[in-house]
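If you want the building blocks of each chain, they are given just below.
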Amino acid sequence: MSEHLLDVRDLRVSFDTYAGEVQAVRGVSFWLDPGETLSIVGESGCGKSVTVQTIMKLLPSPPSRIKSGSIHYQGRDITHLPDKAMDEYRGKEFSMIFQDSMTSLNPTMRVGRQLCEGIIRHQKATRAQAKQTAIELLGQVGLPNPEQAFRRYPHTMSGGQRQRVMIAMAIACNPKLLFADEPTTALDVTMQAQILDLMNGLKKKLGTSIILITHDLGVVAKMADRIAVMYAGKVVEYGDARQVFYNPCHPYTWGLLGAMPNLIQDVKSELYAIPGTPPDLYAPPQGCAFAARCPYAMGACLKGDPPKFVCSDGHISRCWLMDERAEEVMPPDGIPTLPRGGKQA
């Protein structure tokens, strides 16, 4: 029995299409404890959203299918629970803030009615009680004049206001686990900061655990306790935020960190760009999926998928450079030096 709130072990998810099998998630493992924030980072198409949508059973089957692995929530295996059983979890135990608030809200229904649906369904409240709770939630997420906001349609609101409505819907039933799929996408920096502060405040107030999906490492630095770096359907580096930011061990993580603007660097210097494109997951490469884009690739990288190497306590990387037999390399300027001689996990 798992001691963690959420424990995902060797999860593999594929989509069966007319063109063939798309191996979207290829052996993902991570865990989350109560009150923690885990951030999953990586380029578009690396499997971040598919992973969390699989946990919530939001993907239609077919074409999606769980090939192997397990998902344990509070010690219970929910990997293959039917939709009817999952209805008791979605909204009540865990909920989700979707990436695009405009397409996630029903444009034909007032905001208040959409909020009340979940409250009535999971809290067995009357319509009057649900309305009062919904208005209070809209006030908690910082919407001015929540009574008026309750009666508005989504298209009459700004992007930031709709995102606050999505957060209110997500926390309406006090879930223990909140999935946030790029919740600040398409928002200006001021609104991004307000949304992140709001999520942090709700986490402290309600004790909610958060899994944050993003490719913005600035957001990760503000929110995350631990980080899972994903590439081509796999977690290539995993550790707490300090370990990943100050002692990264995978060249892909170096590339992500090198692409971040630095306020103290020379304004004329160019940001680092990772060459090439991610591999086609219809036919993943035999060896390391990042080898074709990695300037440090060796013969071993093309022949075999690297195992997990322990960088430090709780810090794991999938890179042959961590093997004690590999030649020492120097990461890009500004990235801490790679520790050598990592042991296989």
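For clarity, every value in this text was computed on a predicted model and none was experimentally measured. (Residues numbered from 1 in each chain as written. Predicted model: local features only at pLDDT ≥ 70, side-chain atom pairs only at ≥ 80, totals over all residues. Heavy atoms only, no water.)

Before we go on, may I ask you to explain helix α4 (residues 111-123) in this structure?
Along an α-helix, a turn takes 3.6 residues, which lines up residues three or four apart on a common side. The end-to-end C-alpha distance of α4, which contains 13 residues, comes to 18 Å, matching closely the 18 Å that a straight helix rising 1.5 Å per residue would cover. Phi turns positive one or two residues past the end of α4, at Lys124, with a value near 55°. (Helix = DSSP H or I, 4+ residues; strand = E, 2+ residues; numbered from the N terminus. Expected span 1.5 Å × (residues − 1).)

Can you walk me through the sheet that holds strand β1 (residues 6-17) in this structure?
Within a sheet, adjacent strands bond to each other through the backbone by hydrogen bonds, running parallel or antiparallel. Reading across from one edge, β2-β1-β4-β5 is the order of the four strands in this open sheet, with antiparallel pairing throughout. Edge positions in the sheet fall to β2 (20-32) and β5 (76-77), since each has one partner strand and no second. In terms of strand pairing, β1 meets strand β4 (residues 64-73) through eight bridges, oriented antiparallel. Directly across from Val13, in β4, lies its bridge partner Ile66. Lying on the sheet, helix α1 (residues 48-55) is in contact with β1, β2 and β4; it crosses β1 at an angle near 110°. (Pairing = 2+ DSSP bridges. Contact = heavy atoms within 4.5 Å. Axes fitted to C-alpha atoms, helices over the stretch in contact; angles between N-to-C directions.)

What should I look at first to understand the pattern of salt bridges in this one?
Think of it this way: side chains of opposite charge can pair up when their charged atoms draw near. In the structure shown here, the tally under the stated rule is 14 salt bridges. A salt bridge links Asp87 to Arg90; the nearest nitrogen and oxygen atoms lie 2.9 Å apart. For Asp87, a relative accessible area of 31% gives the class partly exposed. Since its relative accessible area comes to 17%, Arg90 is described here as buried. Arg121 is the salt-bridge partner of Glu88, the closest N and O atoms lying 3.5 Å from each other. Of the two residues, Glu88 sits in the loop between α2 (83-86) and β6 (94-97) while Arg121 sits in helix α4, which places them 33 residues apart along the sequence. Exposure remark for Arg121: the relative accessible area of 37% places this residue in the partly exposed category. (Salt bridge = Lys/Arg side-chain N within 4 Å of Asp/Glu carboxyl O. Buried < 20%, exposed > 50% of the residue type's maximum accessible area, 1.4 Å probe, protein only.)

Please explain the pairing of strand β8 (residues 209-214) as it appears in this structure.
For a regular strand, side chains alternate in direction, first toward one face of the sheet and then toward the other. Counting buried positions over the six residues of β8 gives six, a clear majority of the element. Here five bridges tie strand β7 (residues 177-181) to β8, and the two strands are oriented parallel to one another. Paired with Leu177 across the strands is Ser209, a residue of β8.

Any chance you could explain the confidence of the model for the chain here in plain terms?
When pLDDT is low, close inspection of the predicted coordinates is not appropriate. Overall, the prediction assigns the chain a mean pLDDT of 87, with 93% of residues at 70 or greater. The lowest-confidence element of the chain is strand β13 (residues 343-344), averaging 66 in pLDDT; the highest-confidence one is strand β9 (residues 226-231), averaging 96. (pLDDT = per-residue confidence, 0-100.)

Whenever I open this one, the environment of Tyr296 confuses me. Can you help?
By secondary structure assignment, the location of Tyr296 is in the loop between α11 (251-258) and α12 (299-303). As for Tyr296 and Val329, which are separated by 33 residues in sequence, their C-alpha atoms are 7.5 Å apart. Not counting residues up to four positions away in its chain, the partners in contact with Tyr296 are Pro251, Trp254, Leu321, Val329, Met330, Pro331 and Pro332.

Whenever I open this one, the environment of Ile97 confuses me. Can you help?
Mapped onto the elements of the fold, Ile97 is located in strand β6. Judged by its relative accessible area of 0%, Ile97 is buried. Sequence separation between Ile97 and Tyr252 is 155 residues; the distance between their C-alpha atoms is 27 Å. Excluding residues within four positions of it along the chain, Ile97 makes contact with Gln163, Met166, Ile167, Ala170, Leu178, Phe179, Ala180, Asp181 and Pro183.

When you look at the pairing of strand β10 (residues 234-240) in this model, what are you seeing that I'm missing?
A large share of β10 lies buried, amounting to six of its seven residues. Relative to β10, β9 runs antiparallel, the two being bridged by six bridges. Along β10, the bridge assignment pairs Ile227 with Gly239. As consecutive antiparallel partners, β9 and β10 are separated by two residues, and within that stretch Ala232 has a phi angle of approximately 50°, a positive value. Note that β10 and strand β12 (residues 315-317) share two bridges and pair antiparallel. Paired with Tyr238 across the bridge in β12 is Ile316.

Teacher, can you tell me more about helix α7 (residues 159-170) here?
The end-to-end C-alpha separation of α7 is 16 Å, in line with the 16 Å expected for twelve residues at 1.5 Å each. Most of α7 is tucked away: nine of the twelve residues are buried. Among the residues making up α7, those that are buried are Gly160, Arg162, Gln163, Arg164, Val165, Met166, Ile167, Ala168 and Ala170. Elements that come into contact with the buried residues of α7 comprise β6, α3 (101-104), α4, α5 (127-140), β7 and α8 (189-206).

Teacher, can you tell me more about the nonpolar core here?
Grouped together as the largest cluster of nonpolar side chains are 70 residues, with contacts concentrated most on Leu6, Phe30, Phe94, Phe179, Ile211 and Ile227. If we ignore the near neighbours within four places in the chain, the residues touching Phe179 are Val52, Ile55, Met56, Phe94, Ser95, Met96, Ile97 and Ile211. Counting residues in hydrophobic clusters, the runner-up holds 37 residues, among them Ala134, Leu138, Ile171 and Val219. (Core = buried A, V, L, I, M, F, W, Y, C linked by side-chain atoms within 4.5 Å.)

Whenever I open this one, the side chain of Ser317 confuses me. Can you help?
Counting through the fold element by element, Ser317 comes out in strand β12. On the basis of relative accessibility, which here comes to 0%, the residue Ser317 falls in the buried class. The contacts of Ser317, once residues within four sequence positions are left out, are Val236, Glu237, Cys249, His250, Pro307, Lys308, Phe309, Cys311 and Met322.

Would you mind showing me how to read the packing of aromatic side chains here?
In this description, an aromatic ring pair is defined by two values, namely the gap between the centres and the angle between the planes. With the rule as written, the count across this model stands at nine aromatic pairs. Between Tyr73 and Phe94, the aromatic rings sit 5.3 Å apart at their centres with planes inclined by 85°, giving edge-to-face as the arrangement. Taken together, the positions of Tyr73 in strand β4 and Phe94 in strand β6 put the pair 21 residues apart, joining distant regions of the chain. Residue Phe94 is classed as buried on the basis of its relative accessible area of 0%. Taking the centre distance of 5.3 Å and the plane angle of 80° together, the rings of Trp254 and Tyr296 count as edge-to-face. Here Trp254, found in helix α11, pairs with Tyr296, found in the loop between α11 and α12; they are 42 residues apart in sequence, far enough to count as distant. Each member of the pair, Trp254 together with Tyr296, is buried. The structure contains a cluster of three or more aromatic residues connected by ring pairs, namely Tyr73, Tyr89, Phe94 and Phe179. When the ring centre of Trp31 is taken as origin, the NZ or CZ atom of Arg226, which lies over that ring, is 3.8 Å away. We note Arg242 situated over the ring of Tyr246; from NZ or CZ to the ring centre the distance is 4.9 Å. (Phe/Tyr/Trp six-rings, centres within 6.5 Å; stacked < 30°, edge-to-face > 60°. Lys NZ or Arg CZ within 6 Å of the ring centre and 35° of its normal.)

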